Structure formats: C-alpha cells, structure tokens
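# Secondary and tertiary structure notes
Here's the letter readout for the chains.
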Amino acid sequence: AQSVAQPEDQVNVAEGNPLTVKCTYSVSGNPYLFWYVQYPNRGLQFLLKYITGDNLVKGSYGFEAEFNKSQTSFHLKKPSALVSDSALYFCAVRVPTGGSYIPTFGRGTSLIVHP
Amino acid sequence: GAGVSQSPSNKVTEKGKDVELRCDPISGHTALYWYRQSLGQGLEFLIYFQGNSAPDKSGLPSDRFSAERTGGSVSTLTIQRTQQEDSAVYLCASSLPSGRANTGELFFGEGSRLTVL
C-alpha cells in the first residue's frame, strides 16, 4: 500500500520569508512524487514532480522540492513567500512498478502568507 | 476545450434523490479519475478508467455510487439515494495513458460541489 502524510494542517509565514510545506511518503518501490496547489473554489494545479535524477526539482511559481530517499520525504520549498502563494497544497505519490498507477494524495496543507 | 470540464459546478439536492455529475476530459487523455474532496479529509480516490480496460472501482464508498465512461471520453458519476454525508466536492482528473513509462501529472477540473440537504 502507498500512503502520503502531510503533518501540518496549516503553515503560516510572513511575506518575503522562506517557506516549507512538509510531505513524507510510504511505498514499496521507487516513487513518483508530485505537488499540486489548489486556489479557492478551483481544481488542483500541478506544481512539480520528482521522477528520477537530481533530488532537487524546480517547478512553477518559484517553488522547488527536495527528494530525500533516506527520510522518505519530499518537502516543498520557496525562498521568498508571496501573499499570492496562500492556497491549499497537496503532495501525491504514485508507484510505477508493482504498485497502483493511481496517485494517492495527502490531506493537504493550508499555506497562509501574511503581508 | 483546453482543460477538463465538469458540470454542474454546484448542485443542491434533497436527501434520497439521485444526482449525476459529468466530466469531459482533455482530448487524447485516456486515463480518467474521480476523487472526492471533503473538508479536512483531503482527496479520496473513487474510480479510475484507463482506455477500454475494466475500471478500478476500489474507491467507491458504497453501491449507491457508480460511474461510466462512454466512448472513452466523457464520464458520468451517479450517486443514487443521496445522503447528507455525500456532500463534498467531486473532482475529475485526466492524464495521458497510465503505465510504467508515463511520468505525467493529472489535470483536474474545477469540481462539482454537491450539497445534500
């Protein structure tokens, strides 16, 4: 079975400060990892993904995430937060071999960036 | 259209009524997913279609829920005899064919918000 944990329901950060949204996963095999963002009353939008290679991946809107196999983590980061980054963020995992092709999502983390 | 289209965007119904939710995926996307988003519960997988293969229905919460996909394109999620606990946002997503070689992301519609009174 595959699972994703987002340990924080909410993250608060001041504009201009760095932000981190945490994600850990549990799978059998090598994972494909994804981050999505959901703005109010909208569907989820893809931000970035880790498939293989460099552990640091860069995505849309200046976000990046670091894959850490030993800690089974894939934390989302941004060096300088904007008020417009305030949204709901979801981490997801999929296992391409010997597992389900259906992505499993975390419960989501609400990011609030204060002016 | 360019993206995944869902209708209706909002549906208010009375307990016990049946509802149908529609999803029109991105052209060429043979994989289609339905998820349910409830407050504080994250995304709950419901059902997955891949081409002409039998759908994966393992996430459907009860036999009141069913879905079909006609012609490999449009999908309809049907909830019979709705209950108040069915109130949620139902999200549809599509992607390129799933498989070992596919590393792609899901493209989501904006969802159908269902309220059961």
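What comes next is a walk through the structure.

Another aspect to go through is the overall build of chain B. Helix and strand counts for chain B come out as 0 helices and 10 strands. Secondary structure elements of chain B occur, N-terminal to C-terminal, as β-β-β-β-β-β-β-β-β-β. Relative to the 2.2 N^0.38 estimate, which gives 13 Å for 117 residues, the radius of gyration of chain B is 14 Å and therefore close to what a compact globule would have. Each principal axis of the C-alpha distribution contributes one length, and for chain B these read about 45 × 30 × 25 Å. Within the span of chain B, comprising 117 residues, buried residues form 50% of the whole. Of the contacts made within chain B by residues no fewer than 6 positions apart, 56% connect residues no fewer than 24 positions apart. Summed over its atoms, the accessible surface of chain B is roughly 5,700 Å², and 45% of this surface lies on carbon and sulfur atoms. Positive and negative side-chain charges of chain B, numbering 11 and 12 respectively, have mean locations separated by a distance of 2 Å.

Let us now look at the sheet that holds strand β3 (residues 19-24) of chain B. Residue and element names in this part refer to chain B. Spatially, β1-β3-β7-β6 is the arrangement adopted by the 4 strands of the open sheet, whose pairing is antiparallel. At either margin of the open sheet sits one strand with a lone partner, and together these are β1 (5-7) and β6 (65-69). The mean inter-strand angle of the sheet, taken between neighbouring strand axes irrespective of direction, is 15 degrees.

Here is what the cut-offs are and how they apply
- Residues numbered from 1 in each chain as written.
- Chains lettered and ligands numbered in written order.
- Predicted model: local features only at pLDDT ≥ 70, side-chain atom pairs only at ≥ 80, totals over all residues.
- Heavy atoms only, no water.
- Helix = DSSP H or I, 4+ residues; strand = E, 2+ residues; numbered from the N terminus.
- Rg over C-alpha atoms; globule rule 2.2 N^0.38 Å.
- Buried < 20%, exposed > 50% of the residue type's maximum accessible area, 1.4 Å probe, protein only.
- Contact = heavy atoms within 4.5 Å.
- Areas by Shrake-Rupley, 256 points an atom, 1.4 Å probe, with all protein chains shown as cover.
- Lys, Arg positive; Asp, Glu negative; His and termini not counted.
- Charge placed at Lys NZ, Arg CZ, Asp CG, Glu CD.
- Pairing = 2+ DSSP bridges.
- Axes fitted to C-alpha atoms, helices over the stretch in contact; angles between N-to-C directions.

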